[in-house]
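# Commentary on secondary and tertiary structure
As a plain string of letters, each chain reads:
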Amino acid sequence: MQIVLDSFNLTNAERLLCETALHTAGSIVEAAKLLGITRHALKRRIIKHNIRWIRDAGARPGFGDTSPRSTASVTSVAAMSV
């Protein structure tokens, strides 16, 4: 996968990488593995960049949830405040 940066702004690049990894992987644990960092480090970056992480179904599979596996999406706070 190729990611194109608009500038050399490291903060924007870090945010874009985190959002892309979350969208691609579907979970914080798997996204952290893609980025080569711990899940705690990814959680710190999610807070730092105000990345809104929404799990659609909300229930964990195997805990009374009979629907297919939950899907996840990434929404930035800046995009939501339009």
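Let me sum up the structure you'll find in this document. A quick note: this is a predicted structure, and the numbers were derived from the prediction, not measured.

Trans peptide bonds make up most of the peptide bonds, and negative phi angles are found at most residues other than glycine. Phi at Asn-50 takes a positive value of approximately 50°, unusual for a residue other than glycine. Topologically, Asn-50 is positioned in the loop between helix 3 (39-48) and strand 1 (51-55).

This part is about the nonpolar core. By size, the foremost hydrophobic cluster in this structure holds 10 residues: Cys-18, Ala-21, Leu-22, Ile-28, Ala-31, Ala-32, Leu-42, Ile-46, Ile-51 and Trp-53. Secondary-structure elements contributing two or more residues to this core are helix 1 (10-25), helix 2 (28-35), helix 3 and strand 1. Once residues within four sequence positions are removed from consideration, Ala-31 is found in contact with Ala-21, Leu-22, Ala-25 and Leu-42.

For Ala-13, the location among the structural elements is in helix 1. Counting along the chain gives 10 residues from Ala-13 to Ile-3, while the straight-line C-alpha distance between them is 9.3 Å.

Before going further, it helps to examine helix 1. When the terminal C-alpha atoms of helix 1 are compared, their 22 Å separation across 16 residues agrees well with the 22 Å that a helix rising 1.5 Å per residue should span. Among all positions of helix 1, only Ala-13, Glu-14, Arg-15, Cys-18, Glu-19, Thr-20, Ala-21 and Leu-22 are buried. Regarding helix 1, its N-cap is Asn-9, as a side-chain oxygen of that residue lies 2.9 Å from the backbone nitrogen of Thr-11 further along. Directly beyond the C-terminal end of helix 1, a positive phi value near 90° is found at Gly-26.

This part is about a nonpolar patch on the surface. On the surface, Met-1, Ile-3, Leu-5 and Leu-17 cluster together into a nonpolar patch covering about 410 Å² of accessible area. Counting through the fold element by element, Leu-5 comes out in the segment before helix 1. Residue Leu-5 is classed as partly exposed on the basis of its relative accessible area, which comes to 45%.

Rules used in this analysis
Counting from 1, residues in each chain are numbered in the order their sequence is written. Reporting of local features is limited, given that this is a predicted model, to residues whose pLDDT is at least 70; pairs of side-chain atoms are given and counted only at 80 or more, and all residues count toward the totals for whole chains, interfaces and linings. Side-chain descriptors were evaluated using all non-hydrogen atoms of the structure, hydrogens and water having been removed beforehand. Numbering goes from the N terminus for both helices and strands, where a helix is a DSSP run of H or I of at least four residues and a strand is a run of E of at least two. Note on terminology: a nonpolar core comprises buried Ala, Val, Leu, Ile, Met, Phe, Trp, Tyr and Cys residues joined through side-chain atoms within 4.5 Å. Remark: exposure states derive from per-residue accessible area (1.4 Å probe, protein chains only) relative to the maximum for the residue type, with buried under 20%, exposed over 50%, and partly exposed in between. Residues count as neighbours in contact if any of their non-hydrogen atoms are within 4.5 Å of one another. By this rule, a helix spans an expected 1.5 Å times one less than how many residues it contains. Think of a polar contact as two N or O atoms within 3.5 Å of one another; within protein, one of them needs to be a possible hydrogen donor and the other a possible acceptor, and neighboring residues in sequence only count if both atoms come from side chains. Surface patches are drawn from residues lacking salt bridges whose relative accessible area is over 30%; two like charges belong together within 9 Å, two nonpolar side chains (Val, Leu, Ile, Met, Phe, Trp, Tyr) within 5 Å. Note that accessible areas follow from Shrake-Rupley with a 1.4 Å probe, and for residues the cover is restricted to the protein chains shown. Any Lys or Arg side-chain nitrogen found within 4 Å of a carboxyl oxygen on Asp or Glu counts as a salt bridge.

Keep in mind that these numbers describe shape and distance, not what the molecule does.
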